[in-house]
Amino acid sequence: MCGIAGYFSINNVFQANELIAMGQSIAHRGPDADGFFNDNFVGFVHRRLKVIDLSHHANQPMFTPDNRYAIIYNGEVYNFDDLRREHQLQVSTCSDTEVILLMFAKFGIDACNQFNGMFAIAIYDLHLNQLTLIRDRMGIKPLYYFWDGNNLAFASEIKALLTLQFIRKNKSLNYSALNQFLHLGYTGIDESIYTNIFKLAAGSYLEMSAESFSIKPYWEIQKKIEKETITDFYQAKETLRDLVESSVRYRLKSDVPYGTFLSGGIDSSLVTAVAQRNLSTKLKTFTIGFEDSKHNESEHAKKVADYLGTNHTQL
């Protein structure tokens, strides 16, 4: 988990010195490094949690070799090594960030259709003075933005937006979203609890320049659902197995220690079993128990951990 924040302001209502407060408000998302960039239009701040390529060369903001594009990004694109080889990208780091940046420079927004992962991305074209915000297909990574018709600010969390004086003094409650939250427990696809602060919808991208502002989808689930279903049980089971195996293997790539949360239920037990099968060392597993027996699954988790031979920790 990392944190991103920034702005695009035509009227200079946001100031570069406010980026420090934005970054501090989301420091918990990325305690390992911070980075800043600003010009006459855009300000960027990034808080980094190091997972892939622990060197300072992989810190953000990151720029293309020709200094045309700058990126800050939260998430992980698991197939970045595949993309690097397939497109023969010339890289100077071992990070997925650099691959995302070079792919965007080469393919534009169409690059996102080749990313296997979860991401909230901000990319700035310094030649065209154009900002692009992108959210992953399922909306796993959060991305909020403020828009009043002239000025744009964005962040991984709303609290970073509220550090900006212009937003703070003009904020008001969105009573429609408040009604949704009290009734349903959540707000809508693109609304937040404040007016003029929105969630970028999953599978969409936002583009802004001095002349234009637009939000468009780059991926829609309705177009991916096939009319014909797999009716053969064994074929369906083989397809599911291959997808789960591939998904777990991709996520085992890391330059820091990792483990799984193991509840003893079907989902976490399956993921843990596949992960352990693909490792030559003992996988670290973790379980949180409860005193109330009806909520406590720690005994089930321990049985799974013992069976799989993981390095298990229970709290």
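Residues numbered from 1 in each chain as written. Predicted model: local features only at pLDDT ≥ 70, side-chain atom pairs only at ≥ 80, totals over all residues. Heavy atoms only, no water.

Moving on, we get to the environment of S192. Counting through the fold element by element, S192 comes out in the loop between helix 6 (175–184) and strand 10 (197–199). Given the relative accessible area of 3%, S192 is considered buried. Sequence separation between S192 and A177 is 15 residues, and the spatial gap between their C-alpha atoms is 6.2 Å. Leaving out residues up to four positions away in the same chain, S192 has contacts with I158, N174, A177, T187, I197 and F198. There is a polar contact of 2.7 Å between the side chain of S192 and the backbone oxygen of I197. (Helix = DSSP H or I, 4+ residues; strand = E, 2+ residues; numbered from the N terminus. Buried < 20%, exposed > 50% of the residue type's maximum accessible area, 1.4 Å probe, protein only. Contact = heavy atoms within 4.5 Å. Polar contact = N/O pair within 3.5 Å; in protein donor to acceptor, adjacent residues only side chain to side chain.)

What follows is about unusual backbone geometry. A cis geometry characterises the amide bond from Q60 onward to P61, with omega recorded as 5°. Even without glycine at this site, N12 takes up a positive phi of about 60°. Position of N12 relative to the elements: it lies in the loop between strand 1 (3–9) and helix 1 (18–25). Not every positive phi belongs to a glycine, and Q88 is a case in point at roughly 50°. By the element assignment, Q88 lies in the loop between helix 2 (80–86) and helix 3 (96–107). In this structure Q88 comes out as exposed when scored by relative accessible area, which is 65%.

This brings us to the pairing of strand 5 (residues 69–77). For strand 5, a buried count of eight out of nine residues is recorded, marking the element as mostly surrounded by other parts of the structure. Here strand 4 (residues 62–63) pairs with strand 5 via two bridges, running antiparallel. Paired with F63 across the two strands is A70, which belongs to strand 5. Between the antiparallel neighbours strand 4 and strand 5 lie five residues, among them N67 with a positive phi of about 60°. Taken together, the nine bridges between strand 5 and strand 6 (residues 117–125) define a ladder with antiparallel strand orientation. Note on strand 6: the bridge partner recorded for G75 is F119. (Pairing = 2+ DSSP bridges.)

The computed volume of the largest pocket comes to approximately 830 Å³. Those elements that provide at least two residues to the lining of the largest pocket are strand 5, helix 3, helix 7 (233–251), strand 13 (259–261) and helix 8 (266–277). A per-element tally of the lining of the largest pocket places strand 5 first, with four residues. There is about 190 Å³ of room inside the second largest pocket. Lining the second largest pocket are F115, N116, G117, D136, R137, M138, I140, W219 and R251. Here the residues of the lining of the second largest pocket are counted per class, giving four nonpolar, two polar and three charged. (1 Å grid on protein atoms, 1.4 Å probe; cavity = no way out; pocket = protein on both sides within 12 Å on 5 of 7 lines; lining within 4 Å. Points joined across faces, edges and corners; volume = space filled by probe spheres on them. Nonpolar A, V, L, I, M, F, W, Y, C, P; charged D, E, K, R; others polar.)

So, about helix 6. One side-chain oxygen of the residue at the start of helix 6 lies 3.2 Å from the amide nitrogen of S176, identifying that residue as N174. A positive phi of about 90° marks G185, the residue just after helix 6.

Considering the arrangement of structural elements, one finds Y73 in strand 5. On a C-alpha basis, the gap between Y73 and Y194 in space is 24 Å, while along the polypeptide they are 121 residues apart. The residues contacting Y73, other than those within four sequence positions of it, are C2, I4, H46, Q60, D96, T97, I100, M118, F119, A120 and I121. Among the polar contacts made by the side chain of Y73, one reaches the main-chain amide nitrogen of V77 at a distance of 3.0 Å. Polar side-chain contacts of Y73 include one of 2.6 Å to the side chain of D96.

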